[in-house]
Amino acid sequence: MSNTSTNEQAVAAKKPFPKKIIIPTVAASLTITLGIAAGLFAAKMFKGAAGINYGDVDVGKLTDDLEVSKAKLDRARASGTPLETALKPSEMVNLAFANYKDLPSAKAIGLGAAVSMGVKQEIQSIQIKDGSRYFEESNSLGLVNLYDRMYQEGDTTTCYWGESLNYSKNTAKKYTNEEYAEFMGRKVSDPLIYVVSAKTAITKEEKVRSDRGPSKITKQDYGYLVDLELNPKTSVVNYVKQMQNISGLTGYPTFYHCHLTFRFDENLMPIEYTSYEKYNATKASVPLPVDIEAYLTTRFFTTGTYEIPKLTDSTQIEYANIQ
């Protein structure tokens, strides 16, 4: 794909993002999502729960200095200090995804689901990096079927969002990468949608909101197991932006918890991670709060060269191969 011209970008800036009935989960939260927009459950039917003000969250003040973490890693390796004691959980996660982002080619495949009021929506996601080109696919299957693909190349992100598994039948829309990130909370090339730092990671047992315990690093035979219990407000500030903008929510959802469990190898390269989240929204037609629970397990492929599929290529075999 070629970069859009100045005129094309000006036109794209005027195009509104389509409002959709999808389910937000992590992924889209991955995307290299990683994050991966994985959806908003019957989003047009929900209003955000009142009382949460994300406008006072300054992401710039939450992020950690990656160079400081790299220096700690170098000192630990030089001295033989175990990394599980030298690094904070959030530092290890950010270092691992920096390694992942530096790869010339990589692929991530995710499967999961979101459940609300006994209704289950399945989620499929793929993220591929091939040099300076990026691809993301996010499918939502169940009450409604939605099939989305995003291609980022140069300064442009081209989206094909719709209800056809033949993505070429879905309407194409072009955006600058910055426009896309403003609406979706992250670029297709950004590894995570969550704000991961020492300031958003919960390490004290008494502050844990999930049933999976505080943030910690555990040494394993394959490398490292990292649990990351995140602050349910400050860590999701980009994520809820996506939820509101893509679905037309009039307010933001309230998160009960966000917990991420990672597996990294000895060289701090991602192997797999699972996100667990629970949040609350209020239905517009029935003014009663509704809880939604979602999970997404993503596997990483880092040793080969991975091609970005053409718009007409099917990827369903990719999901079948990891089930």
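A short tour of the structure in this document, coming up.

Its boundaries defined by the atoms lining it, the largest pocket holds a volume of some 550 Å³. Along the walls of the largest pocket sit 21 residues, with N94, P191, L192, Y194 and V196 positioned nearest its centre. Counting residues per element, the ones that place at least two in the lining of the largest pocket are α2 (66–79) and α4 (89–102). Ranked by residues supplied to the lining of the largest pocket, first place goes to α4 with 5 residues. Residues of the lining of the largest pocket, tallied by class, amount to 10 nonpolar, 5 polar and 6 charged.

The tally for this structure, following the rule as stated, stands at 15 aromatic pairs. Between Y100 and F300 the ring centres are 5.1 Å apart and the planes differ by 80 degrees, which places this aromatic pair in the edge-to-face class. Pair noted here: Y100 is in helix α4 and F300 is in strand β14 (residues 289–301), with a separation of 200 residues, a long-range link. In this structure Y100 comes out as buried when scored by relative accessible area, which is 0%. Pairing F255 with Y279 gives two aromatic rings, centres 5.1 Å apart and planes at 35 degrees, and the pair type is tilted. Remark: Y279 occurs in strand β13 (residues 270–283) and F255 occurs in strand β12 (residues 254–265); sequence separation between them is 24 residues. Among the aromatic residues, those joined into a cluster by ring pairs are F97, Y100, F262, F264, Y273 and F300. The cationic tip of R212 hangs over the ring face of Y276; the distance from NZ or CZ to the ring centre is 3.4 Å.

So, how was this worked out
Residues numbered from 1 in each chain as written. Predicted model: local features only at pLDDT ≥ 70, side-chain atom pairs only at ≥ 80, totals over all residues. Heavy atoms only, no water. 1 Å grid on protein atoms, 1.4 Å probe; cavity = no way out; pocket = protein on both sides within 12 Å on 5 of 7 lines; lining within 4 Å. Points joined across faces, edges and corners; volume = space filled by probe spheres on them. Helix = DSSP H or I, 4+ residues; strand = E, 2+ residues; numbered from the N terminus. Nonpolar A, V, L, I, M, F, W, Y, C, P; charged D, E, K, R; others polar. Phe/Tyr/Trp six-rings, centres within 6.5 Å; stacked < 30°, edge-to-face > 60°. Buried < 20%, exposed > 50% of the residue type's maximum accessible area, 1.4 Å probe, protein only. Lys NZ or Arg CZ within 6 Å of the ring centre and 35° of its normal.

As far as function goes, none of this settles anything; it's purely spatial.
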